[in-house]
Amino acid sequence: MLTFFGILLILLGFASIISKPFLAKTKNLDWLTTQKSVTAIIVGVLMSIASGVFFYAEPGTAYAVQYPWGGQKAVFQQGLKTKMWGRLIPIQFEIPVKYVIPNQKGQLGDQSQYAYVDKSRQWEFNDAVKGKIATSIVISIDISDEKQFLSVADRNKTEKNLIRSRIIPNIDQSIKNTCKLMAAQDYISGQAADFDRYFQDQLENGMYVLEEYVENQKPEIIGDSTVTRTIPNKESRQKRFRIKMENGEPVRVKGNSLKSYGLTVVQAVVTEIDWEETFDNRLQLQKEEVAQTQLEKQQAEREFYRAQKEKAKGEAEKAKERARLEKAQIQQTIAAETEAKVAEFNLIKEKKQYEVEQFKAKSKKLAADAQAYENQKLVSAGLTPQEKAEWEFKTAVGVAKELKELKLPTTYIEGSTGNKDSGNLLQSLIGAELAKKMIEKKQ
């Protein structure tokens, strides 16, 4: 830009000097003096020199400066730098590349932040399913090796050429090889991460050498009771590829990697795949089948857990009933044990009481024997005058008491004329009445 304005000022200065004699009579151009024209020429020359000698290095951009006399240098720092009318080849530190699936209107959307944006291409997986693959890739240049950077810049001339001639072909080849290694059904079944890993590894370290193999191919058998033949079914034969290995390492195509250009893959992922319509229909059927299977599985699990619940409930009821019966058994056992212990205690009580009664009887017998012995001794020894007097007094008192309460007949017939017989009769009556009362008292 400075060069353009510088050249413009130089041309205007020379034009004013040349046209001044022809415009001398014009009063409106009196301000245009020779000194001002020379000044414009000098300023233009200085601007042209400054723009040719200096340039401003943008942040995040590396520059290869190629001098007119054949030398070159690399600039990795931002700021005002010298180029001495050399040619600049700017390359970003990180180059974003993105394949985008167009919308219904065929537009790619706002992708201005990417250095290179293009429509996604359609690729075929090893099961013949096609799909448009959208990717997001970030490539980083190596600024630690100045010599390699200058070599890459010299060979490609511009950043756009580097992208189109080196990066894009490697991306396309990596996607193609990775699609050969995988079926579309495998991709949607959980191997998407493997796809990204194979893709980035090939892009950075070189393409895999693939070898074809046949998996689980069985010929069709036909025949009758006497002849049996096998017929290879070529139509159903499906080509499959795998990575060729040597010493546990994949064999790669030599010289075909971004690393050989001093480029490093920072990111390489598949963001979206637009499958062909037939596969989408198949996927929809599979989703419905999976959903139905999941539903049936959930129903089966629900029935299983319901059965488990009923079983657990039955076990709980059995445990409850067992606990109740055990409780009743324990109560009965405790009651029986208590009754047995009570009976045992009663037996011991009766035994003790029996022993007590035995002792009492023995004591009474001993007391009676002692009294009898004492009485015997008393009889044999005779009563003392005092005891005899006390005994006679008690007897007389008792007889008097009985005689007081005795009721005799007011009339009696004397059957004899003698006094002796009359006295005997009265004594007999008194004695009989006394005996009768004594008998009644005893009863």
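The protein goes by SPFH domain/Band 7 family protein in an unreviewed UniProt entry, where it is assigned to Tenacibaculum skagerrakense.

Participant: Can you help me understand the pattern of salt bridges in this one?
Facilitator: Close approach of charged atoms allows side chains with opposite charge to pair. In this structure the tally under the stated criterion is nine salt bridges. Salt-bridge contacts for arginine 121 lead to aspartate 118; the nearest nitrogen and oxygen are separated by 3.6 Å. Classification of aspartate 118 by relative accessible area gives partly exposed; the value is 23%. On the accessibility criterion, arginine 121 (29% relative accessible area) is partly exposed. One network of salt bridges, with partners in common, ties together Asp118, Arg121 and Asp172.

Participant: Got a minute to help me understand the packing of helix α4 (residues 159-180) against helix α5 (residues 184-205) in this structure?
Facilitator: Describing two packed helices takes the angle between their axes plus the distance from one axis to the other. Remark: α4 packs on α5, axes separated minimally by 9 Å, with the N-to-C direction vectors making an angle of 140°. Put simply, α4 runs oblique to α5. Considering only the axes of α4 and α5, their crossing is right-handed. Judged by residue contacts, Asn170, Ile171, Ser174, Ile175, Asn177, Thr178 and Cys179 of α4 engage Phe195, Tyr198, Phe199, Gln202 and Leu203 from α5.

Participant: What is the right way to read the environment of leucine 203 from this model?
Facilitator: Here leucine 203 is to be found in helix α5. In this structure leucine 203 comes out as buried when scored by relative accessible area, which is 0%. Separated by 33 residues in sequence, leucine 203 and asparagine 170 place their C-alpha atoms 6.1 Å apart. Setting aside its immediate chain neighbours within four residues, leucine 203 contacts Ile137, Ile139, Asn170, Ile171, Ser174, Leu258, Val265 and Ala268.

Rules and cut-offs
Position numbers for residues count from 1 along each chain, tracking the sequence in the order it is written. Local features in this predicted model are restricted to residues of pLDDT 70 or higher, and side-chain atom pairs are both shown and tallied only at a pLDDT of 80 or more, whereas totals for entire chains, interfaces and linings draw on every residue. The side-chain figures draw on all heavy atoms in the structure; neither hydrogens nor water molecules are used. Any Lys or Arg side-chain nitrogen found within 4 Å of a carboxyl oxygen on Asp or Glu counts as a salt bridge. With a 1.4 Å probe rolled over the protein chains alone, any residue whose accessible area is under 20% of its type maximum counts as buried; one over 50% counts as exposed, and the rest are partly exposed. To define axes, lines are fitted to C-alpha atoms, for helices over the stretch in contact only, and angles between the resulting N-to-C directions are given on a 0 to 180 degree scale. Helix and strand definitions follow DSSP, with helices as H or I runs of at least four residues and strands as E runs of at least two, each counted in order from the N terminus. Geometric relationships in this document are graded by angle, where less than 35 degrees denotes roughly parallel, more than 145 denotes roughly antiparallel, 65 to 115 denotes roughly perpendicular, and other angles denote oblique. Each crossing is labelled by how the near helix is turned from the far one, with a counterclockwise turn of less than a right angle marking it left-handed and a clockwise turn marking it right-handed. Contacts are residue-level and defined by heavy atoms, with any inter-residue pair within 4.5 Å sufficient.

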